[in-house]
Amino acid sequence: MNNDNDIMRLAKRMAHLGICSRREADGYIVKGWVKVNGEVITEKGHKVTESDKITLNHQGQQQQSNRVTIILNKPVGYVSAQPEKGYKAAAELITPQNHWQEDKSNIRYSDQHKYGLAPAGRLDIDSVGLLVLTQDGVVAKQLIGENSGIEKEYLVRVRGTMVPNGLSLLNHGLSLDGEKLRPAKVTIQNEDQLRFILKQGKKRQIRRMCELVGLHVIGLKRIRMGNVRLGELPPGKWRYLRENEKFG
């Protein structure tokens, strides 16, 4: 007999299984693309248990396989999400002209790939480097979900004089917004550059951390998210995430 704990909304269960995000699941359900134990379900509030078998029909599977994730080397002056204060959104760089010639994904560009792209993790307007834009809710959740454990790596140019014990504090010992930060991995690259590896992403976190130890950030570049690296991708260019690439 099932416990009440085992019963949940179909969309929530689909998200738990990594089929798609809850929002995507609701859309699939309404369109009649989802079957539970072989029966088509069109009611968003439908409840299931962990033992129920959930499948997608052909259209649902096709929708899944057509979703893309894009890796962009964001330049300074572009905002990650919605345009603001006269600045352009990074998504505006996703054009055929800016597609990196050395993209090895074998995915052919389509205008459809521009629709529904959302940034999975922000970069400040004055920061550069690896920005992920995705149509895939599962990828977004993996990178920025509440329980995401994906590492993000940055090269940070600084000026100023670090307080005594500053490096130790950067690694573990600082608080922001009244909350103790998770442990980080911060190392000194050279006299004016630090390397940060974080597993969380508070607003302007690295800049604020540096200020707390007497440093001012003058340049910030994200070079890795999980197992995916920026590599040789030139500024302003983008490529598709390859089928064999995984963030975690």
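Residues numbered from 1 in each chain as written. Predicted model: local features only at pLDDT ≥ 70, side-chain atom pairs only at ≥ 80, totals over all residues. Heavy atoms only, no water.

Student: I tried to follow the sheet that holds strand S5 (residues 54-56) on my own but got confused; where do I start?
Tutor: Two strands in a sheet stick together by hydrogen bonds in their backbones, pointing the same way (parallel) or opposite ways (antiparallel). Spatially, S3-S2-S5 is the arrangement adopted by the 3 strands of the open sheet, whose pairing is antiparallel. Taken across any chain shown, the strands that pair with only one partner, and hence form the sheet edges, are strand S3 (39-41) and S5. Across this sheet, the average inter-strand angle for adjacent strands is 40 degrees, counted without regard to direction. Judged from the 3 bridges that link them, strand S2 (residues 34-36) and S5 form a sheet pairing that is antiparallel. Bridge pairing in S5 places Lys35 opposite Thr55. (Pairing = 2+ DSSP bridges. Helix = DSSP H or I, 4+ residues; strand = E, 2+ residues; numbered from the N terminus. Axes fitted to C-alpha atoms, helices over the stretch in contact; angles between N-to-C directions.)

Student: Sorry, what's going on with the nonpolar core here?
Tutor: Across soluble globular proteins, you tend to see nonpolar side chains buried next to one another. Leu72, Tyr154, Val156, Leu170, Phe196 and Ile206 are the most contacted members of the largest nonpolar core, which has 32 residues in total. Taken domain by domain, this core gets at least three of its residues from each of domain 2 (67-142 + 231-240) and domain 3 (152-225). When sequence neighbours within four positions are dropped, the list of residues in contact with Leu72 reads Ala90, Leu93, Ile94, Gly129, Leu130, Leu131, Leu133, Leu230, Leu233, Gly236, Lys237 and Trp238. Membership of the second largest hydrophobic core comes to 15 residues, among which are Met14, Cys20, Tyr28 and Val48. (Core = buried A, V, L, I, M, F, W, Y, C linked by side-chain atoms within 4.5 Å. Buried < 20%, exposed > 50% of the residue type's maximum accessible area, 1.4 Å probe, protein only. Domains from an automatic or database assignment. Contact = heavy atoms within 4.5 Å.)

Student: How should the packing of aromatic side chains be read in this particular structure?
Tutor: Given two aromatic rings, their pairing is described by the distance between the two centres and the angle made by the two planes. Enumeration according to the criterion identifies 3 aromatic pairs in this entry. Note on Tyr109 and Trp238: the rings are 6.0 Å apart at their centroids and 55 degrees apart in plane angle, and the pair reads as tilted. Here Tyr109, found in the loop between strand S8 (88-89) and strand S9 (118-119), pairs with Trp238, found in strand S18 (residues 238-240); they are 129 residues apart in sequence, far enough to count as distant. Each ring, one from Trp238 and one from Tyr240, has its centre 5.0 Å from the other, and the planes form 90 degrees; the classification is edge-to-face. On the basis of relative accessible area, Trp238 is assigned to the buried category, the value being 0%. (Phe/Tyr/Trp six-rings, centres within 6.5 Å; stacked < 30°, edge-to-face > 60°.)

Student: Would you explain helix H4 (residues 137-144) in this entry?
Tutor: An α-helical turn contains 3.6 residues, so any two residues separated by three or four positions project in the same direction. Among all positions in H4, only Gly137, Val139 and Leu143 are buried. Around the axis of H4, the buried residues are gathered within 155 degrees of arc, so they sit on the same side. Buried residues along H4 sit in contact with helix H2 (22-30), strand S6 (69-74), strand S10 (128-134), strand S11 (152-160) and strand S16 (215-225). Measuring from the backbone nitrogen of Val138 back to the side-chain oxygen at the start of H4 gives 2.9 Å, which picks out Asp136 as the cap. (Arc of directions from axis to C-beta. Polar contact = N/O pair within 3.5 Å; in protein donor to acceptor, adjacent residues only side chain to side chain.)

Student: Honestly, the pattern of salt bridges in this entry has me stumped. Any pointers?
Tutor: Between side chains of opposite charge, a pair can form as their charged atoms come close. Inspection of every chain in the model, using the stated rule, returns 16 salt bridges. With a closest N to O distance of 3.1 Å, Arg67 and Glu24 form a salt bridge. Here the residue Arg67 occupies a position in the loop between helix H3 (58-66) and S6, and Glu24 occupies one in helix H2, the gap between them amounting to 43 residues. There is no split in this pair, since Arg67 and Glu24 are both buried. Connected via shared salt-bridge partners are Glu151, Glu153, Lys185, Arg195 and Arg224. (Salt bridge = Lys/Arg side-chain N within 4 Å of Asp/Glu carboxyl O.)

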